[in-house]
Structures are given as structure tokens and as C-alpha cells.
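Tertiary structure, described
Spelled out from the first residue to the last, the chains are:
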Amino acid sequence: VFFFLMIRRPPRSTQSRSSAASDVYKRQFGYRARTRQKFSKPFRKTGAIRMINYLTAFRVGDYVDIVVDGAIHKGMPHNIYHGQTGKIFTVNPRSVGVVLAKQVKQRYMEKRIHIRVEHVRRSRCREAFVERIRKNDELKHAASGKGQHLSTKRKPVEPRLATVVKGDIRYMHPQVFKEVF
């Protein structure tokens with residue numbers, strides 16, 4: 001009869017941030033809440049699932065980017081890992097184990113998660129580093145053939161050298177101030 005009296009409300013004396021109030025008015029949301037844009041596919045990438053997802057061979061030690069495919073619900077990681085880069089520590093028949101660093105307050109924790117291969121793609125984070133090492137090895141090999149020692153350390157950009165500015169110097173002669181009304 002008096003159904004509205006059955007709803008539990010905090011007493012008037014409690015503050016809005018007290019434990020009694022938080023039990024009643026707690027924010028509730030599911031595992032995939034607020035992921036409408038994050039898990040949506042990009043323009044012209046909808047439709048059939050790409051076969052390259054299954055044909056890519058992953059190995060232990062590879063760096064991968066976690067990019068969640070919203071069309072495949074199995075093996076989907078939590079949305080907090082979407083866009084992160086990690087390193088593969090195990091390979092299973094349909095999934096890979098990825099170790100990554102998750103920021104928790106002021107520190108980084110190592111997290112090990114298993115994700116299906118549809119939600120990972122090979123990362124390009126080490127391409128520039130590997131290319132630089134390859135070029136340095138070629139330069140070292142060429143220098144050792146000539147009997148020279150070559151340092152391949154990166155150096156910071158040095159300040160510009162001092163120069164004297166020369167040019168046609170013109171003086172501006174000030175005019176007497178005149179009031180215009």
C-alpha cells in the first residue's frame with residue numbers, strides 16, 4: 001500500500017558523502033559502460049571480420065597494441081587497456097598473453113592479461129629503434145674496415161654559434177608630439 005515508504009533513504013542528519021548515502025545512491029555501471037565511441041569501428045572498416053586478424057603469427061617477445069574489436073565479444077579486454085602497448089609473454093591457440101604496465105595512482109603495476117588475437121595488432125613502436133640500430137651497425141662495419149673507431153651515440157642539439165649581425169643601420173628620428181583634436 002505504502003510502497004514509497006519501503007525505499008531506503010538516508011536519514012536527514014547524514015551528509016551526502018557518508019557511507020549510508022553512498023550505499024543508496026552508488027554509481028552503477030557495467031563492464032562495457034561508456035564505450036560507445038571507444039569500441040566502435042573506424043570509417044569503412046565495418047562489415048566482415050578481416051582475415052589478417054587470424055593470419056598474423058605472434059611470437060613471445062613481440063610488442064602488440066591492444067585495439068578492441070567491438071564486433072567480437074569473446075576474449076575482449078576491459079576498456080581501460082584499449083590503446084595500450086604490451087609485450088607478449090605466452091601464445092595460446094586462440095589468444096595471446098600480454099604483459100603491460102597499468103598506472104595505479106602514483107605507481108605502475110605489471111598486469112598480465114590474456115586477449116584473443118582479434119583484439120591485438122603488431123605494434124610499430126620499435127621500428128625506428130631497430131632501423132637506427134641497423135644503420136649504426138652498417139656504419140660501424142664500414143668504419144672498422146677502414147681501421148677507424150666510430151661513435152654512434154646520439155648527441156643533443158648544440159647551441160648555435162655566435163655571429164655578428166651586419167647590415168644597413170637606419171635611425172628613426174622622433175617627431176615632436178602634436179595633439180590632434
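Keep in mind that this is a model prediction, so the values were computed, not measured.

On to the overall build of the protein chain. When you go through the protein chain residue by residue, the secondary structure sums to 3 helices and 5 strands. When the helices and strands of the protein chain are read in sequence order from the N terminus, they spell out α-α-β-β-β-β-β-α. Relative to its 181 residues, the protein chain shows a buried fraction of 19%. Accessible area of the protein chain: about 16500 Å², with a carbon and sulfur share of 55%.

Strand order across the open sheet formed by 5 strands is β4-β3-β2-β1-β5, with antiparallel pairing between neighbours. Strands with a single pairing partner mark the edges of an open sheet, and in this sheet they are β4 (107–116) and β5 (120–122). Strand-to-strand twist of the sheet, defined as the mean angle between neighbouring strand axes without regard to direction, takes the value 40°. Bridge count between strand β3 (residues 95–104) and β4: 10 bridges; the pairing is antiparallel. Bridge pairing in β4 links valine 99 to arginine 112.

To continue, consider the pattern of salt bridges. For side chains of opposite charge, pairing can occur when their charged atoms come near one another. Using the criterion set out here, one finds 7 salt bridges in the structure. The salt bridge involving glutamate 138 is made with arginine 134; its shortest N-O contact spans 2.6 Å. Of the two residues, glutamate 138 and arginine 134 both sit in helix α3 (residues 127–146), 4 residues apart, roughly one turn of that helix. Relative accessible area serves as the criterion here: at 39%, arginine 134 is assigned to the partly exposed category. Because the salt bridges share partners, they merge into one network encompassing Glu131, Arg134 and Glu138.

All right, on to the side chain of asparagine 79 then. Of note, asparagine 79 is situated in the loop between β1 (63–66) and β2 (85–91). Judged by its relative accessible area of 14%, asparagine 79 falls in the buried class.

What follows deals with the pairing of β2. Pairing of β1 with β2 involves 3 bridges; the strand directions are antiparallel. Residue aspartate 65 lies in a different strand from β2, and its bridge partner there is threonine 85. As paired elements, β2 and β3 share 4 bridges and run antiparallel to each other. Counted as the bridge partner of lysine 87 is valine 99 from β3. Hairpin remark: β2 followed by β3, antiparallel, with 3 residues in the connecting loop.

So, how was this worked out
- Residues numbered from 1 in each chain as written.
- Predicted model: local features only at pLDDT ≥ 70, side-chain atom pairs only at ≥ 80, totals over all residues.
- Heavy atoms only, no water.
- Helix = DSSP H or I, 4+ residues; strand = E, 2+ residues; numbered from the N terminus.
- Buried < 20%, exposed > 50% of the residue type's maximum accessible area, 1.4 Å probe, protein only.
- Areas by Shrake-Rupley, 256 points an atom, 1.4 Å probe, with all protein chains shown as cover.
- Pairing = 2+ DSSP bridges.
- Axes fitted to C-alpha atoms, helices over the stretch in contact; angles between N-to-C directions.
- Salt bridge = Lys/Arg side-chain N within 4 Å of Asp/Glu carboxyl O.

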